[in-house]
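# What the coordinates show
Each chain, letter by letter, is given below.
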Amino acid sequence: MTSTHPEVGAPESVEREEVRFVSGNAKCAAWHYPGTNGACVIMAGGFAVPKEQATDLFAKRFHDAGFSVVAFDYRGVGKSGGQPRLVLPVKHQLADWEAAIAFAATLPEVDPAKIALWAFSMSGGHIIRVAARNPQVAAVIAQTPNVGGPVAMRSVASHQKLLAMLRFTGRGIADAVGSLAGRQPLLVPLAGEPGTVAMLTTPDVVDGTRALDPDNRHPDWRQEVAARSALRLMFYQPGRDTSRVRSPLLLLTCEQDQTAPPGLAIHAVRRAPRAELVSLPGRHYAPFMEMHEQAVDVEVSFLRRHLLNE
């Protein structure tokens, strides 16, 4: 775990300022929203989604409730450093979370004993593993988390065609082999229709752009990832660590989610000693769309109970 003092840039608004912290051999870019109640929520996007699209909507609401927020980009994504771009090893992303925790603990308004983690989708799985390794974390919110495992793989595979799956696997292997020769990454889209070569082709991934960038404020957003990184996620199972999470853990699922099937999170809750489950109607991105107010109410209440003892 590596951290450093912040590099503060020009504030975008009175609410937040751009900062950077070291993780590994690069600097992660983050928004820091200084709060008033001593607690801090660390946030990141889903795997290859930059912080603005992934966190702005929820970060503002947490900040309005008095919490400090640190919302960061993983190395190789958004405004963070790191080369090659969009090559995203899971171990690097987990290290970025640990660096963010260390950085947040240095902020003058933050009590290091009142730090929470928030993430969704694949990153929702990441923070389960991070919390298992960092028992000092005070609370964890995993929103529509992808906890991995054979059931998740079958769900994803059921919405893809065999030939496209074979082409996706071949591209991932070719990318991995090419990296050994120093070639540029072979990219695949984060989302696509069944039959296309993409990381995900489940029905609800088509909601992604509408949910995360409804006003097209981020036209330069590269909705791609290195094929080797996407392929390796097939074997990633962070849900196995749920039983080792000692922090209060909120798992927020959506009943019609086909990208992160809710049954997996329900099974994970049974293994976590201090877990709570909240189920909302809707698909994978419903907390960003029609169920946003309900999701915010649940999550702010959870943070207040476990960080502020309210």
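Because the structure is a prediction, the values reported are computed rather than measured. (Residues numbered from 1 in each chain as written. Predicted model: local features only at pLDDT ≥ 70, side-chain atom pairs only at ≥ 80, totals over all residues. Heavy atoms only, no water.)

Okay, the overall build of the chain next. When you go through the chain residue by residue, the secondary structure sums to nine helices and 10 strands. On C-alpha atoms alone, the chain measures out to a radius of gyration of 18 Å, which is about the 19 Å that the 2.2 N^0.38 rule sets for 310 residues. Counting only C-alpha atoms, the chain reaches 55 × 40 × 40 Å along its principal axes. Buried residues in the chain amount to 57% of all 310 residues. Excluding contacts between residues fewer than 6 apart, the proportion of contacts in the chain whose partners are at least 24 apart in sequence is 73%. Carbon and sulfur atoms form 54% of the exposed surface of the chain, whose accessible area is close to 12,800 Å². Across the chain, the centroid of the 32 positively charged side chains sits 9 Å from that of the 30 negatively charged ones. (Helix = DSSP H or I, 4+ residues; strand = E, 2+ residues; numbered from the N terminus. Rg over C-alpha atoms; globule rule 2.2 N^0.38 Å. Buried < 20%, exposed > 50% of the residue type's maximum accessible area, 1.4 Å probe, protein only. Contact = heavy atoms within 4.5 Å. Areas by Shrake-Rupley, 256 points an atom, 1.4 Å probe, with all protein chains shown as cover. Lys, Arg positive; Asp, Glu negative; His and termini not counted. Charge placed at Lys NZ, Arg CZ, Asp CG, Glu CD.)

The next point concerns the pattern of salt bridges. Side chains that differ in charge, positive against negative, can pair when their charged atoms come close. Throughout the structure, instances matching the rule amount to 15 salt bridges. Of the charged contacts in the structure, one is a salt bridge between D175 and R228, with a shortest N-O distance of 2.9 Å. Remark: R228 occurs in helix α7 (residues 227–232) and D175 occurs in helix α5 (residues 162–180); sequence separation between them is 53 residues. Like D175, the residue R228 is buried in the burial classification. (Salt bridge = Lys/Arg side-chain N within 4 Å of Asp/Glu carboxyl O.)

In this section: the pairing of strand β10 (residues 275–280). Sheet topology note: the strand β9 (residues 249–254)/β10 ladder contains six bridges and is parallel. Among the inter-strand pairings, L251 is bridged to a residue of β10, identified as L277. Taking the sense of rotation as the criterion, the β-α-β connection linking β9, helix α8 (residues 262–271) and β10 turns out right-handed. (Pairing = 2+ DSSP bridges. Right-handed = clockwise from strand over helix to strand, strands pointing away.)

Another point: the state of the cysteines. Summed over all chains, the structure comprises zero disulfides. Left without a disulfide partner, C28 is nearest to the cysteine sulfur of C40, which lies 15 Å away. (Disulfide = S-S within 2.5 Å.)

It is worth spelling out the packing of helix α1 (residues 51–64) against helix α9 (residues 292–307) at this point. Here α1 crosses α9 at 45°, and the two axes come no closer than 11 Å. If you check the angle between α1 and α9, you find them oblique. α1 and α9 meet at a crossing whose hand is right-handed. Where α1 approaches α9, its residues L57, F58, R61 and F62 are matched on the opposing element by H292, E293, A295, V296, E299, V300 and L303. (Axes fitted to C-alpha atoms, helices over the stretch in contact; angles between N-to-C directions. Parallel < 35°, antiparallel > 145°, perpendicular 65-115°, else oblique. Left-handed = near helix turned anticlockwise from the far one by under 90°.)

This paragraph deals with the packing of helix α2 (residues 90–104) against helix α3 (residues 121–133). Relative orientation of the contacting elements α2 and α3 amounts to 55°, with a least axis distance of 10 Å. Between α2 and α3, the interaxial angle falls into the category oblique. Handedness of the α2/α3 crossing: right-handed. Note on element contacts: α3 touches α2 through H126, I127, R129, V130 and R133, opposite V90, Q93, L94, W97, E98 and I101.

This brings us to the packing of aromatic side chains. Counted under the stated rule, the structure contains 11 aromatic pairs. For the pair F58 and F288, a centre-to-centre distance of 5.3 Å together with 80° between the ring planes defines the contact as edge-to-face. Placement of F58 in helix α1 and of F288 in the loop between β10 and α9 is noted, with a sequence separation of 230 residues between them. Neither residue differs from the other here; F58 and F288 are each classed as buried. (Phe/Tyr/Trp six-rings, centres within 6.5 Å; stacked < 30°, edge-to-face > 60°.)

Counting 58 residues, the largest nonpolar core has I42, F72, W97 and V225 as its most contacted members. Broken down by element, the residue count for this core peaks at eight residues, all from α2. The residues touching I42, leaving out its near neighbours within four places in the chain, are V70, F72, W97, A100, I101, A104, I115, A116, L117 and W118. The next biggest cluster of nonpolar side chains, apart from the first, holds 38 residues, and it includes V49, A116, L250 and V296. (Core = buried A, V, L, I, M, F, W, Y, C linked by side-chain atoms within 4.5 Å.)

Topologically, H292 is positioned in helix α9. A relative accessible area of 9% means that H292 is categorised as buried. For H292, the contacting residues outside a window of four places in its chain are L57, F58, R61, A286 and P287.

This prediction gives the chain a mean pLDDT of 92; 95% of its residues lie at or above 70. In this model, residues 1–11 is a region of pLDDT below 50 whose contacts with residues beyond four sequence positions or in other chains number 29 contacts. (pLDDT = per-residue confidence, 0-100.)

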